[in-house]
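Close look at the chain arrangement
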Amino acid sequence: MFVPAAVAFVLAVGVAAFFNKGKGSCETREPPVLGSKIPLFGHLIGMLRWQVGYMQMLSSKCPSWPAFTLRIFSSRIYVICDPSLIQAAYRNAKAFDFGSFVVESSERLFGISEHGMKIIRGETAPGYDPHGPFLNGNNGYSFLNEDHRLMVEALSPGPALLDLNRAVLDRVAGSLNGIGSGKENMGLYRWMRNIITIASAEAIYGPHNPFTGNDELVDALWHFEADCTLLMLQFLPTFIAPNAYYGRIKIREAFANYYAKGYQEEASMLIRSHHDGCKKWGFSDSDIANFEVSTLFLATTNTVSTSFWQLSYILSDPDLLREIRTEVLRVVKRTTRDGKDCAVVDTTLFQSQCPLLVSSFHETLRLVGAATSVRSVVAPTTLSSPSSSTTYSLQSPAVIQLPSGVTHTSPAIWGPDANTFNPGRFLPKTKASLDKDTKRKQAQGYFPFGGGKHLCPGRHFATTEILAFIAAIVLGFDVEGSTVPERAFQKLGTGVRKPVCDVDVGISRRAGWEDVKWVFCLGKGEIDFQTLVQDSDDE
């Protein structure tokens, strides 16, 4: 099933090797061509076979190259490996466009109607020029640009994000408090998956969200996630991806009922703003329901895997587990509420009091996150950076790929232990000990949330949720049988690897924490969000 999934991804990201005709030879100032044993389409076969790992395999053959060009028939794919050039590409949203990929995936993945697609393509926007900039330009007036702006506003540090964090952490706490006095046996990944899915659904969609108490719908979301790229083929979906196809239908029907009853009025600002914007632009009720497959999908997929890996790494190292438990104790206050022993976790103190917890979070993302950002080169441009001695001329039409898997595990950036989990790698004292050049390379070469205009807007929300969830489990519970499993094959289009299989564990309350009620609070600690999520591209 990997081959059709990869084909779907190629269609989605516009690696239009069969349609976009570039010049026949590589210009002298373009990145050097990395050839293939099979002329014309050898790299396409490599992408289909090795998927996310293919770019890392190619980069390992020429580790000193800042970038290289792949030729598929007469088309170009520029693969950028130098951290400073990657950040320069992210900053140049005019020349390197992401919107076309959003449009393509909306049509293929979420079943949007033709009328809805006209809105998404910007064709109904005032002043639309079919020969002008895509979506009226990156900052032009169009639905996608407006919806992205509203999403960024709702998920940036501020009152709306605080409300979301409170809601999701209340639900996480409720799940932990449901664990009784005895040992409970479960698959660790599935257990964490279900808690995060339900908590996110309640926080985002409110008390009437369709997922709470509906295990079948939770499974439908993850069936969709598992084979969503196959749906993008739009070819015999009930045959090649039946679970994803019918899962999407179940979710759409659930949200059609949700919106028909006006439940969005009790949802988060994110959903209220999105719904109002969709109605303003003229989307049908059916299309609005279709959109919601993507919202919770984006809010949970990488969060679940990251949480699982971070907890697994911590539990596998007794010394690390002991140190992090000591850290978390600093942000927990034991108190009595209504005669009940409570452990109140102040999540605003993680950054200042739990540096190893935070560092291990970023080290987890570095090691298991290997997303490849893709952009379309919409105009000939020069790619350069003040901290790079190399300048390239990029032609159009073409596609650029920015593979984080290359920079995240590069020994030239992270040292000889680049492929080893080092929980202290992101500690402030560790980073302070680096020379200036290494510090810059690591800051630019670590981008688990993407970059530029389309830097993941939910990164603050996800970081707080993951750190709080992990902190409470580590401090308050014993987990028997946990191991660090092998990583599953990473399909094209995925950001964080899954485990190759679930891990059967027994979870029980720790001695001294048997009857405690867990409470998360957003206290008065000061949070430097830019530093917490490692937003940096220092030159």
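Predicted model, so just to flag it, every value in this text is computed and none were measured.

Re the overall build of the protein
Along the protein, the regular secondary structure elements total 23 helices and 13 strands. Expected size for 539 residues packed as a compact globule is a radius of gyration near 24 Å; at 23 Å, the protein falls within 12% of this value. Over its C-alpha atoms, taken along the principal directions, the protein stretches across nearly 75 × 55 × 40 Å. Here the protein holds 539 residues, and the buried ones make up 56% of them. Surface summary for the protein: the accessible area is close to 22500 Å², and the carbon and sulfur share equals 54%. Where the 52 positive side-chain charges of the protein centre and where its 53 negative ones centre are 5 Å apart.

A few points about the side chain of Thr300
Checked against the element boundaries, Thr300 lands in helix α14 (residues 285-315). Given the relative accessible area of 0%, Thr300 is considered buried. A polar contact of 2.8 Å, which involves the side chain of Thr300, links it to the backbone oxygen of Leu296.

As for the pattern of salt bridges
Evaluated as defined, the whole model comprises 21 salt bridges. Taking the shortest distance from any N to any O, the salt bridge between Glu153 and Arg149 comes out at 3.0 Å. Of this pair, Glu153 and Arg149 both sit in helix α7 (residues 143-155), 4 residues apart, which is roughly one turn of the helix. Residue Arg149 is classed as partly exposed on the basis of its relative accessible area of 41%. Note that Lys441 and Asp437 form a salt bridge whose closest N and O atoms lie 3.5 Å from each other. You can see Lys441 and its partner Asp437 sitting in helix α21 (residues 436-445), 4 residues apart, about one turn around the helix.

Side note on a positive patch on the surface
Together, Lys333, Arg337, Lys340 and Lys517 make up a region of like positive charge exposed at the surface. Examined against the element boundaries, Lys333 turns out to sit in strand β5 (residues 332-337).

Considerations on the side chain of Ser142
On the secondary structure map, Ser142 appears in the loop between α6 (114-120) and α7. At a separation of 3.2 Å, a polar atom in the side chain of Ser142 contacts the side chain of Asn145.

Details of the pairing of strand β10 (residues 398-403)
Remark: a regular strand shows side chains that alternate across the two faces of the sheet. Taking burial as the measure, the 6 residues of β10 include 6 buried ones, the bulk of the element. Side chains Ala398, Ile400 and Leu402 project from β10 onto one buried face, and the interleaved Val399, Gln401 and Pro403 project onto a second face that is buried too. Looking at chain direction, strand β2 (residues 75-80) and β10 are connected through 3 bridges and run parallel. In the sheet register, Tyr78 faces β10, and the bridge partner there is Ile400. Where strand β7 (residues 372-377) meets β10, 6 bridges bridge the pair, whose relative direction is antiparallel. Residue pairing in the sheet places Ser373 in a bridge with Leu402 of β10.

Conventions and cut-offs
Residues numbered from 1 in each chain as written. Predicted model: local features only at pLDDT ≥ 70, side-chain atom pairs only at ≥ 80, totals over all residues. Heavy atoms only, no water. Helix = DSSP H or I, 4+ residues; strand = E, 2+ residues; numbered from the N terminus. Rg over C-alpha atoms; globule rule 2.2 N^0.38 Å. Buried < 20%, exposed > 50% of the residue type's maximum accessible area, 1.4 Å probe, protein only. Areas by Shrake-Rupley, 256 points an atom, 1.4 Å probe, with all protein chains shown as cover. Lys, Arg positive; Asp, Glu negative; His and termini not counted. Charge placed at Lys NZ, Arg CZ, Asp CG, Glu CD. Polar contact = N/O pair within 3.5 Å; in protein donor to acceptor, adjacent residues only side chain to side chain. Salt bridge = Lys/Arg side-chain N within 4 Å of Asp/Glu carboxyl O. Patch = residues over 30% accessible without salt bridge, like charges linked within 9 Å, V, L, I, M, F, W, Y side chains within 5 Å. Pairing = 2+ DSSP bridges.

Don't take any of this as a statement about function, it's just geometry.
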